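Results of the structural survey
Here is how the chains run, residue by residue.
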Amino acid sequence: MDLSHIFNSKKILRASFYAVLFSLFSFSANSQEHAAADTAHEPATAEHGEVAEKDEDISQMILHHIADSHEWHFFGNVSIPLPVILLTDKGLVTFLSNKFGHNDHGTEIIDAAGTQLVNYHGKFYYPSKVKSADGTYISHDGKGELLNGKPLDVSMTKNVVSLLISAIVLLIVFIGIANSYKKREGKAPKGLQSILEPVILFVRDDIAKPQLGHKYTGFMPYLLTIFFFVWLNNLMGLVPFFPGGANLSGNIAVTMMLALCTFVLTTFNGNKNYWGHVFTPHVPWWLYPLIIPVEIIGLFTKPIALMIRLFANITAGHILVLSLISLIFILKSVFVAGVAIPFVLFISVIELVVGFIQAFIFTILSALFISMAIEEKHAEH
Amino acid sequence: MIVGSIAGIGAGLAAIGAGIGIGNIGGKALEGMARQPEAASQIQTTMLIAAAFVEAVALFAEVIAFLGTGQVN
Amino acid sequence: MILLALNPLVSPDPGLFIWSTVTFLILFFLLSKFAWKPIVKALDERERSIEDALSKAEMAKAEMAKLISENEDLLKEARLERDSILKEAKEIKDQIVNDAKDLAKSEGAKLIEKAKIEITNQKLAAMAEIKNQVSSLSIEIAEKVLRKQFEDQGKQQALVNDLLKEVKLN
């Protein structure tokens, strides 16, 4: 792989310029959101009457930003409600998320088409029979586990909408590019085509070919899809306002889905050699009871590592940016911004690179796992 | 609360190990590239893959720390 | 682990999982059918055509070089031939000149010989003439001298005596 073009000075200048712009935006957007979140949490704080809750609030705010939500928050009090779709035990229930107000403390029972529900921290549960001591219809056991049942929530949440947007963007961009390839057959690429062609070639020549050898053609569609899907969602996650802002590739359900796809592909393409390596490893027979379980666990740890790597990288980046901005509110001084903002800038630029590198790593590791599964001859130990 | 903190310390310790590991990988890769500039692109790819594996350790620890902080709610 | 309540961050949300799986699979099939297949095909084709063009250019270059070298060979050959023809012509010319020279020489020599012979003949003839004339003249002179001398009888007698003496000696 040749990354030297990334270090090209002209491009670095341009990239850092955009990064500066972008971070300014992200700062303003994040701080506004924070302010909003702050006011939203104020009643709760007041209720508890504890000053120490402040720090707790900030970590709650950060988690709130990283987590999924039933509405898309823009700024201040402006947000789009998104449809809630619940598969309850009495059938399908759908309503817009703002229909029953914004109470997410579990203190109100809502009645959606005959189904009693309670919104607790953005999730819908069946209410308990009696109100708990803290005024909610949610009951906990001694260890802090929720006892309430919950319906299957297949709502169009913020992440789902972001997912659909990214899918549509990918479809439009790449089908457009495919058409321009047909239209300008045999000619030099132009426009978007020439921007993305090197990336497609990068996936082919630096990821697929070195890992998969001559069998790469069959896996090209999967690798390209996964690369651009992860990359686009990483970048969209970094954009703080509308089309982005959802922490999609930093959501463990999405990374789990992606890792599962790789796992399924690996498992179904595994040849005799691959399974032979798992069930009849090249060790003395008396080591089999030790090695075979290890090999079987190894089958699963690979996709799990993939899942956690992407999730944790992206989430960590978001937490870092939000924490640095929150420093201003934790220390209650606007002068902290002088330190925090350059740091946010720095981290944002790094996150741009990380977004690309994680997409690359995810794709190259998928290719590596697939190549391990389809490898014909195995090197003897 | 305490469980979360201990998990956080654990994550920090894991980050130390992963940091040393990634530092080693990067240093050795740089050495290799300086010695054989023509193999730079290959070394870079391998370096990134190795770094990703090492990084996974720190990330596992981070996730464990997340698991720990669940108690707080 | 059971002690730890799951943080919402690390507990996969089933709804989102279902949505993302469905969306991703649809995206994957649509993209691989309508985007990746034509794109990869077009890229491969273009690469192949570029490779073809390059190899063709290479071939044309080789052909050109071959032609040029052939031309050069031809030229060289022609030059050689010209040289040899010139050389031959020169030889022939030289030979002709030499032949002519030889001929001229021998002819000249013959002429000279003839002339010499003629000269000798003429000389001999002239000599003979001169001899004849000299002898007749001398005879006449001798006659006249003798006549003058032998007007005297005694002198005739003496001569006869001398002559007789000479005869005896012989």
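Scroll up to find the structure.
The notes below deal with the structure included here. (Residues numbered from 1 in each chain as written. Chains lettered and ligands numbered in written order. Predicted model: local features only at pLDDT ≥ 70, side-chain atom pairs only at ≥ 80, totals over all residues. Heavy atoms only, no water.)

1. A word on the overall build of chain C
Tallying secondary structure elements over chain C gives two helices and zero strands in all. A compact globule built from 170 residues should have a C-alpha radius of gyration of about 15 Å, whereas chain C, at 66 Å, is more than 25% larger. Across its three principal axes, chain C shows a C-alpha extent of roughly 205 × 35 × 20 Å. The buried share of chain C, taken over its 170 residues, is 14%. For chain C, the exposed surface amounts to about 14000 Å²; the carbon and sulfur share of it is 64%. (Helix = DSSP H or I, 4+ residues; strand = E, 2+ residues; numbered from the N terminus. Rg over C-alpha atoms; globule rule 2.2 N^0.38 Å. Buried < 20%, exposed > 50% of the residue type's maximum accessible area, 1.4 Å probe, protein only. Areas by Shrake-Rupley, 256 points an atom, 1.4 Å probe, with all protein chains shown as cover.)

2. A closer look at a nonpolar patch on the surface
On the surface, L87, L92 and L152 of chain A together with I18, V22, I26, L30 and F34 of chain C cluster together into a nonpolar patch covering about 660 Å² of accessible area. Looking at which element gives the most residues to the nonpolar patch, the answer is helix α1 (residues 14-149) of chain C, with five residues. Positionally, L87 of chain A belongs in strand β3 (residues 83-88). Under the relative-accessibility criterion, L87 of chain A is labelled partly exposed at 39%. (Patch = residues over 30% accessible without salt bridge, like charges linked within 9 Å, V, L, I, M, F, W, Y side chains within 5 Å. Salt bridge = Lys/Arg side-chain N within 4 Å of Asp/Glu carboxyl O.)

3. Digging into the sheet that holds strand β7 (residues 123-125) of chain A
Residues and elements named next belong to chain A. With antiparallel pairing, three strands are arranged side by side in an open sheet as β5-β6-β7. Two strands in the sheet have a free side with no partner beyond their single neighbour: β5 (105-112) and β7. Strand-to-strand twist of the sheet, defined as the mean angle between neighbouring strand axes without regard to direction, takes the value 35 degrees. Looking at chain direction, β5 and strand β6 (residues 115-120) are connected through five bridges and run antiparallel. What sits directly across from I109, in β6, is V118. (Pairing = 2+ DSSP bridges. Axes fitted to C-alpha atoms, helices over the stretch in contact; angles between N-to-C directions.)

4. Concerning the nonpolar core
Core analysis: the biggest nonpolar cluster contains 87 residues, and F174, F227, F228, F229 and L258 of chain A together with I39 of chain C have the highest contact counts within it. Ignoring any residue separated from it by four or fewer positions in sequence, one finds F229 of chain A in contact with L163, S166, L170, V254, M257 and L258 of chain A together with F24 and L27 of chain C. L86, F95, F124 and Y126 of chain A belong to the second largest nonpolar core, which has nine residues in total. (Core = buried A, V, L, I, M, F, W, Y, C linked by side-chain atoms within 4.5 Å. Contact = heavy atoms within 4.5 Å.)

5. Some words on unusual backbone geometry
Even without being a glycine, K332 of chain A presents a positive backbone phi close to 55 degrees. Looking at where K332 of chain A falls in the secondary structure, it is placed in the loop between α8 (288-330) and α9 (336-374).

6. Observations concerning the pattern of salt bridges
One pass over the full model with this rule turns up six salt bridges over all chains. The salt bridge partner of K209 of chain A is D205 of chain A, with a shortest N-O separation of 3.6 Å. With K209 of chain A and D205 of chain A both in helix α4 (residues 192-212), this residue pair falls four residues apart, about one helical turn. If you follow the salt bridges from partner to partner, you end up with R204, D205 and K209 of chain A together with D44 and E47 of chain C in one network.

7. Examining the environment of P303 of chain A
Position of P303 of chain A among the secondary structure elements: in helix α8. Between the C-alpha atoms of P303 of chain A and L171 of chain A, which are 132 residues apart in sequence, the distance is 26 Å.

8. Points about the packing of helix α6 (residues 252-269) of chain A against α9 of chain A
All names here are of chain A. It is at 8 Å that the axes of α6 and α9 come closest, and there the two elements cross at 20 degrees. With respect to their mutual orientation, α6 and α9 come out roughly parallel. Along this stretch, α6 crosses α9, giving a crossing that reads as right-handed. Only F362, S366, F369, I370, A373 and I374 of α9 make contact with α6, whose side of the interface consists of L258, A259, T262, L265, T266 and N269. In terms of residue class, the contact of α6 with α9 is built from eight nonpolar, four polar and no charged. (Parallel < 35°, antiparallel > 145°, perpendicular 65-115°, else oblique. Left-handed = near helix turned anticlockwise from the far one by under 90°. Nonpolar A, V, L, I, M, F, W, Y, C, P; charged D, E, K, R; others polar.)

9. Quick word on the interface of chain C and chain A
On the side of chain A, 52 residues touch chain C, which itself brings 35 residues to the contact. Both faces considered, chain C and chain A share a buried interface measuring about 3800 Å² in area, 80% of it formed by carbon and sulfur atoms. Our count for the chain C to chain A interface comes out at three salt bridges. D44 of chain C is the partner of R204 of chain A in a salt bridge, and the nearest nitrogen-oxygen pair spans 3.0 Å. (Buried area = accessible area lost by both parts, 1.4 Å probe.)

10. Some details on empty space enclosed by the protein
Residues and elements named next belong to chain A. All told, the structure shown has three cavities of 30 Å³ or more when counted by the stated rule. Of the pockets and cavities examined, the second largest cavity occupies roughly 80 Å³. Along the walls of the second largest cavity sit F95, S97, F100, G101, N103, E108, I110, N119 and F124, which together make up its complete lining. (1 Å grid on protein atoms, 1.4 Å probe; cavity = no way out; pocket = protein on both sides within 12 Å on 5 of 7 lines; lining within 4 Å. Points joined across faces, edges and corners; volume = space filled by probe spheres on them.)

11. Some details on the side chain of S249 of chain A
Residues and elements named next belong to chain A. Within the element layout of this structure, S249 appears in the loop between α5 (220-238) and α6. Of note is the side chain of S249, whose polar atom sits 2.6 Å from the side chain of N234. Filtering out sequence-adjacent residues up to four positions away, S249 remains in contact with N233, N234, T255, L310, F311 and I314. (Polar contact = N/O pair within 3.5 Å; in protein donor to acceptor, adjacent residues only side chain to side chain.)

12. Some words on a negative patch on the surface
All names here are of chain C. Together, E63, E70, E72, D73, E77 and E81 line one region of the surface with negative charge. Among the structural elements, E81 can be located in helix α1. By relative accessible area, which is 47% here, E81 ends up partly exposed. (Lys, Arg positive; Asp, Glu negative; His and termini not counted. Charge placed at Lys NZ, Arg CZ, Asp CG, Glu CD.)

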